[in-house]
Structure formats: structure tokens, C-alpha cells
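# Commentary on secondary and tertiary structure
What follows is the residue order along each chain.
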Amino acid sequence: MRKFFILVTFVVCLCASDKLNIDSLFKKQIGLRSITSFSLLSAGNANSYALYPDITIGGDPTIWNDTKQAFLTQTFIYTIMPKFDILVSSGGSYARQEYTNFFTNEFSSKDSIGFDNLWFGFVYMGDSVADFIPQVTFQTALLQREKAVNDTKNFYFKSQNIQVSLRGYSDPVVYSIYTGFGYNNKRKFKIGKIVYGHNIYMGGDLSIVLSPKITLDLGVEQRFQTEQKINGYQSSEIRSIPTLNLGSTYSVNSDTAVSVSASFGGSSSSPDSVFGLSLWKKF
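Residues numbered from 1 in each chain as written. Predicted model: local features only at pLDDT ≥ 70, side-chain atom pairs only at ≥ 80, totals over all residues. Heavy atoms only, no water.

With that settled, consider the overall build of the protein chain. If you tally the helices and strands in the protein chain, you get one helix and 19 strands. Out of the 283 residues in the protein chain, the part that is buried amounts to 48%. Taking the intrachain contacts of the protein chain between residues at least 6 apart in sequence as the baseline, contacts between residues at least 24 apart amount to 57%. Carbon and sulfur atoms form 65% of the exposed surface of the protein chain, whose accessible area is close to 13,500 Å². (Helix = DSSP H or I, 4+ residues; strand = E, 2+ residues; numbered from the N terminus. Buried < 20%, exposed > 50% of the residue type's maximum accessible area, 1.4 Å probe, protein only. Contact = heavy atoms within 4.5 Å. Areas by Shrake-Rupley, 256 points an atom, 1.4 Å probe, with all protein chains shown as cover.)

Rendered as C-alpha cells:
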């Protein structure tokens, strides 16, 4: 029974909709936890993406044939009291972006690597309502390093994200539904002012306990990103980003868990696929 309880805790922290909240449904302990995540993204379209706190299309107007990105994200979460967490997350990425030279029609590629962002936020868990436990997560970007047409700049407090979720448990399933909003303030580059568009999303997650150490994790999300504008002129339509998520979590022991995941896009604006590996550790 104790192993089953530990596994349910890991399922909630790593595979439910709020990927950042460690053992949010049943936690009572005070202390520090960390999540280390590595993700590989492939997109056969003109977009470049950010993955944290969720999938967002960047504002670079460069038209790429294909983009492949690798992300490394480190998140620390500290429980001040049983219902309140603070979190800090930072990440970097490597990107290989492929294009066709306009003048020679020759295939070319461009590589970039570096620091991407630093986020700060909090998680508040409310009292249970019927069979659900509500939770609110708010985050703000302290620093984002972004590029548009070879112009790289640092931006401060330009993005915020809020998410509300309802979680529940019914043997042998942990489930959740959620909705959220991501705000992106305009950025000023050499080419002018770029508005990426805001994000509105909703989704649900389901984790099935297969054994005291292993779960099967399923999820679906629908995200909309509003129109992008460059110098006040609209440069894109409202973009639909649906994704289907599959994965599994393995509980190594009471302090450590490992999860693997795969996300597949369902529209021309979505990345084709995102494969991830996450390590959770309680100190």
C-alpha cells in the first residue's frame, strides 16, 4: 500500500497537466524538489518554438523549411507550507534550422545554442471540492533571451502564465482537467515591434497505475495562439496547436522517479513531435 501511495504521488507530479508541481495532490512534507527535463522537438514548418511553460510559437518572422530543437530545463520547487509552493525554472536549447537560399536555391542550415529563459512562480492548492482538488499555478518570466532576424536581445517580465486545474483519483487512475492563459507583451527588435500573440489552452490528463512502480500516462491539449503582429500589422492568423501526449513513469524509490513522454501535433502549426525524458528528485 505504501508503494502504491508513493507511485500515485509521482504520477501526479510528473504526468498530470501541471508538469511542474511535485506530489501536489497528496503532499504534506515541507522541502525542496527538482525536475530535470530533456526534450527533442521536430517541426516540419516555418515556426520556432519555446516549450516552457508550455508550447509557444516564437516571433521570429524568418521562414524555415524545418526546425529541430533540443531543450534542457531545470526546475526547483520548494514547499513553504502544505498548500503553497514557490518555483524557479531555467532552461537553454540547441536549434538546427534549415532553409533554402533565396538566390541560389541551395539547401542550407543554421545552428544556435544558448540560454533561453528564467521563470519564477508559485503553486497554490485549495481545499477539495467534491472529488476534485483545485490548484492554481502562476509564473512570470524574469528573463527571456530571444532572436528575430539575427537580432538577439534579453527581455524582462514580458511573459506571464496562469493555469487552473482540477485533480482527482479513482483507483487505479489519477486524472485532471485544466485551462490556462499565457500573456506575451510586445518585444522590440531592430526590425521593429513584434507581438507574438497570447495563448489560451485547455486539456486533460490520465495516468493508469499498471503496477506499484509503473504507470501509463495519456493526455490531450488544445491550444490557441492569437495573431502575431509586426509593427502593428498582422502577420499570422489565430494558430491552433492541438497535441496528443503518451508516456510512462517509473518509480525508482520514494525519492526518485523517471518519466518518458512523447507529444504529437495535430495541425500545421503544431510541432510534429516532442520526445522528453524527466528526472524527479526529492531532497
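After presenting the structure, the write-up continues.
Moving on, we get to the packing of aromatic side chains. What the rule picks out here adds up to seven aromatic pairs. Relative to F275, the ring of F264 has its centre 6.0 Å away and its plane inclined at 85°; by these criteria the two rings are edge-to-face. Note that F264 is positioned in strand β18 (residues 256-265) and F275 in strand β19 (residues 273-282), a separation of 11 residues in sequence. Aromatic rings pair up to connect F84, F122 and F138 into one cluster. Over the ring of F155 we find R187; its NZ or CZ atom is 5.9 Å from the centre of that ring. (Phe/Tyr/Trp six-rings, centres within 6.5 Å; stacked < 30°, edge-to-face > 60°. Lys NZ or Arg CZ within 6 Å of the ring centre and 35° of its normal.)

Turning our attention to a positive patch on the surface. Together, K153, K186, K188 and K193 make up a positively charged patch on the protein surface. Take K193: it is sitting in strand β12 (residues 192-195). (Patch = residues over 30% accessible without salt bridge, like charges linked within 9 Å, V, L, I, M, F, W, Y side chains within 5 Å. Salt bridge = Lys/Arg side-chain N within 4 Å of Asp/Glu carboxyl O. Lys, Arg positive; Asp, Glu negative; His and termini not counted. Charge placed at Lys NZ, Arg CZ, Asp CG, Glu CD.)

On average, residues of the protein chain score 85 in pLDDT, and 88% of them reach the 70 mark or higher. Note that residues 1-27 has pLDDT below 50 and, in this model, 101 contacts with residues that lie over four places away or in other chains. (pLDDT = per-residue confidence, 0-100.)

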